[in-house]
Structures are given as C-alpha cells and as structure tokens.
Amino acid sequence: MSSTAEWRDYYELTKPRVVMLIVFTAVVGMFLAVPGWPDPLAALFGTLGIGLAASSAAVINHVLDARIDVQMTRTRGRPLPQGKLKESQALVFAFALCAISMLMLWFLVNPLTALLTFASLIGYAIIYTTYLKRATPQNIVIGGAAGAAPPVLGWTAVTGEVHSDALLLFLIIFIWTPPHFWALAIARKEDYEKAGIPMLPVTHGNEFTRLFILLYTILLVLITILPYLSGMSGLIYLLAALLLGGVFLWYAIRLKLDSSVELPMRVFWFSINYLMILFAALLVDHYFLIRFTL
C-alpha cells in the first residue's frame, strides 16, 4: 500500500464531509456569540479543537460499526471493511486526535469548551454508536443531541459560557436531524434490515416514517422562527428561514405522497444544503444588524 493511499484511508475515517458541516455550524456559533469579531486565537484553536474531536468521534464510529459496515452496500467500501487499515491503527489514530483536541481546547481555549466537546464525543461515538443505534428506532432522535452540540461549543469557545441563543441553535439542529436522517434510512432500508439496525423505516415501515418526517419538518419550520422572535436575528434571517422551510416542507409533503425510489435521497441531500444555507443566513443577518445599529 502506498503512503498516499494510507493517508487517504485515514482521512476517510474522519468522515470529512460530516466534519465540515459540524465545523461550519460551530464557527457560525462563534461569530454569533459576539457583537464584533471573535478573538482570533480562541476562534482558531476552538475550530481546530472541535474539528479534531469530531474527527476522532467519526473514527471511533468506524471502528465500532466495522462489522455492520461489511453488510451494508453504502458502507462496505470504507477502509476498515476493505481491510485497508486495522482496527488497532484506527483506534490509535482516534485517541491521538482526541488527545490533541482536548489539550488544545483545555489550554488554548477554555475548560468548559473542552468538557462539553468531550461529552459530545462520548455521546456520539460511544452512547449512540454502541447502544442507541442498536437499541431503539428513536436512536437518531436521542442521539441527535450530540450532533446538535457544535454551535454551543463554538459559542462557549469565544465567550466561556452557554447562552440561551446558543441553545436555540442547538434546538434547530436537534429537530433537523431526524427528518434529515430518516430520509436516508428510507433510501437505505434494506441495508439497515440486513445489518439488524432498528431504524424507523425498518421497525415501523416507510409510510410511518414519511409521516414523521413531515411532522418534524413542520416543527422545524416553527422552531427556526424563534431566533427572529427572540431578537437574536432580523428580517434577512427570517425571510431565509421561511423560504428554506417552505421548500423543505414541500419536499416533506412530496415524500409523504410520492413513494418514488429516488425522492428520499433528494430530500436527504437538500436537508444538508438547507442547514448550511440557514446558518449562513444567520451569519449574514448578524453582521447586517451590527452594521446598521452601530
């Protein structure tokens, strides 16, 4: 195996696309936490530390799910099922990433961010992956708390405290996670059945899952209005939230009425773009408000 291939295998273990979304929402949390620009060193080391911790959690997830991944079409090409890396190599890599991230956050950012980030890592990599994922069809609902933490982590990185506005950001991602992931679960239902994972479409069927995607999407649209109602954001964000929410709701209604094979994956990919654009709108709105209130 070439050194380039080995580097790519380790890189793939970190789930870079997922980590990029995590880091982006954390960075938005940092910028929303202060009226001007966040402290550059806190923002830099906070971003690096949160990103490395998320990467560590992803690698641990790969290790713990390796035997399941072999059975699933979507995941059997990953480095561990393919035998490109040993589990022991992956674990050493994960622990190294975790140690570096915790040291960086504790000494170069603040202890609160380090503790909350470590709790999020344990929540996803251990509690969700080893227990919740295999125990209940509500796995992604309960486990979504770990995935919703990054904006709070970013906020605490530059302020040293947890604020109610940061918890609003947490709530948005927490409610977004189930419809986002259930769309994927419908598309990959056979894989989850073979692997024995009790995702909602497996235990309750596609129609029930489509209904819950619609209900959660309605709730999400309502929740995303809260930053405006609380005074955290202005009209730019509100218009973006309503427009994006309208499109997401349209997708959810189509998904409820249309059982076409390709639609769930379209909803899944849209949901990712939805979250990125929504948080970008929060950021634009934040600095627009600052500019015209100073």
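Residues numbered from 1 in each chain as written. Predicted model: local features only at pLDDT ≥ 70, side-chain atom pairs only at ≥ 80, totals over all residues. Heavy atoms only, no water.

1. A look at the overall build of the protein
Moving on, step 1. Summing up its helical and strand segments, the protein has 15 helices and zero strands in all.
Moving on, step 2. For the protein, whose C-alpha radius of gyration is 19 Å, the value lies close to the compact-globule estimate of 19 Å for 294 residues.
Moving on, step 3. Seen along its three principal axes, the alpha-carbon backbone of the protein occupies a region of about 55 × 50 × 30 Å.
Moving on, step 4. Each of the 294 residues in the protein was classed as buried or not, and the buried ones make up 52%.
Moving on, step 5. The long-range fraction of contacts in the protein, counting pairs at least 24 apart against all pairs at least 6 apart in sequence, stands at 74%.
Moving on, step 6. Total accessible area on the protein stands at roughly 13400 Å², and carbon and sulfur atoms take up 69% of it.
Moving on, step 7. The positive charge centre, built from 19 side chains, and the negative charge centre, built from 16, are 6 Å apart in the protein. (Helix = DSSP H or I, 4+ residues; strand = E, 2+ residues; numbered from the N terminus. Rg over C-alpha atoms; globule rule 2.2 N^0.38 Å. Buried < 20%, exposed > 50% of the residue type's maximum accessible area, 1.4 Å probe, protein only. Contact = heavy atoms within 4.5 Å. Areas by Shrake-Rupley, 256 points an atom, 1.4 Å probe, with all protein chains shown as cover. Lys, Arg positive; Asp, Glu negative; His and termini not counted. Charge placed at Lys NZ, Arg CZ, Asp CG, Glu CD.)

2. Quick notes on the environment of Phe 288
Moving on, step 1. Structurally, Phe 288 is set in helix H15 (residues 263-293).
Moving on, step 2. In the structure, Phe 288 is positioned 279 residues away from Asp 9 in sequence and 42 Å away in space, judged by C-alpha atoms.

3. Examining helix H2 (residues 16-32)
Moving on, step 1. When the terminal C-alpha atoms of H2 are compared, their 24 Å separation across 17 residues agrees well with the 24 Å that a helix rising 1.5 Å per residue should span.
Moving on, step 2. Along H2, the positions that sit buried rather than exposed are Val 19, Leu 21, Val 23, Thr 25, Ala 26, Val 28, Gly 29, Met 30, Phe 31 and Leu 32. (Expected span 1.5 Å × (residues − 1).)

4. Digging into a nonpolar patch on the surface
Moving on, step 1. Together, Leu 103, Trp 106, Phe 107, Leu 108 and Leu 115 give the surface a local cluster of nonpolar side chains, amounting to about 550 Å² of exposed area.
Moving on, step 2. Looking at which element gives the most residues to the nonpolar patch, the answer is helix H5 (residues 87-108), with four residues.
Moving on, step 3. The residue Leu 108 is located in helix H5 in this model. (Patch = residues over 30% accessible without salt bridge, like charges linked within 9 Å, V, L, I, M, F, W, Y side chains within 5 Å. Salt bridge = Lys/Arg side-chain N within 4 Å of Asp/Glu carboxyl O.)

5. Re the packing of helix H8 (residues 150-159) against helix H9 (residues 164-187)
Moving on, step 1. Viewed as axis vectors pointing N to C, H8 and H9 meet at an angle of 160°, and their least axial separation amounts to 7 Å. By the angle between their axes, H8 is roughly antiparallel relative to H9. The two elements H8 and H9 meet at a crossing, and its hand is right-handed. From H8, Pro 151, Val 152 and Trp 155 reach across to H9, where they touch Asp 165, Ala 166, Leu 167, Leu 169, Phe 170 and Ile 173.
Moving on, step 2. The class makeup of the residues in the contact of H8 with H9 is eight nonpolar, no polar and one charged. (Axes fitted to C-alpha atoms, helices over the stretch in contact; angles between N-to-C directions. Parallel < 35°, antiparallel > 145°, perpendicular 65-115°, else oblique. Left-handed = near helix turned anticlockwise from the far one by under 90°. Nonpolar A, V, L, I, M, F, W, Y, C, P; charged D, E, K, R; others polar.)

6. Some points on the packing of aromatic side chains
Moving on, step 1. Within this structure, the stated rule accounts for 16 aromatic pairs.
Moving on, step 2. Residues Trp 182 and Tyr 216 carry aromatic rings whose centres are separated by 5.3 Å and whose planes lie at 85° to one another, so their mutual orientation is edge-to-face. Pair noted here: Trp 182 is in helix H9 and Tyr 216 is in helix H12 (residues 206-223), with a separation of 34 residues, a long-range link. Here the two residues Trp 182 and Tyr 216 agree in accessibility, since each one is buried.
Moving on, step 3. Between Trp 250 and Tyr 251 the ring centres are 5.1 Å apart and the planes differ by 65°, which places this aromatic pair in the edge-to-face class.
Moving on, step 4. In this structure an aromatic cluster arises from ring pairing among Phe 248, Trp 250, Tyr 251, Phe 270 and Tyr 274. (Phe/Tyr/Trp six-rings, centres within 6.5 Å; stacked < 30°, edge-to-face > 60°.)

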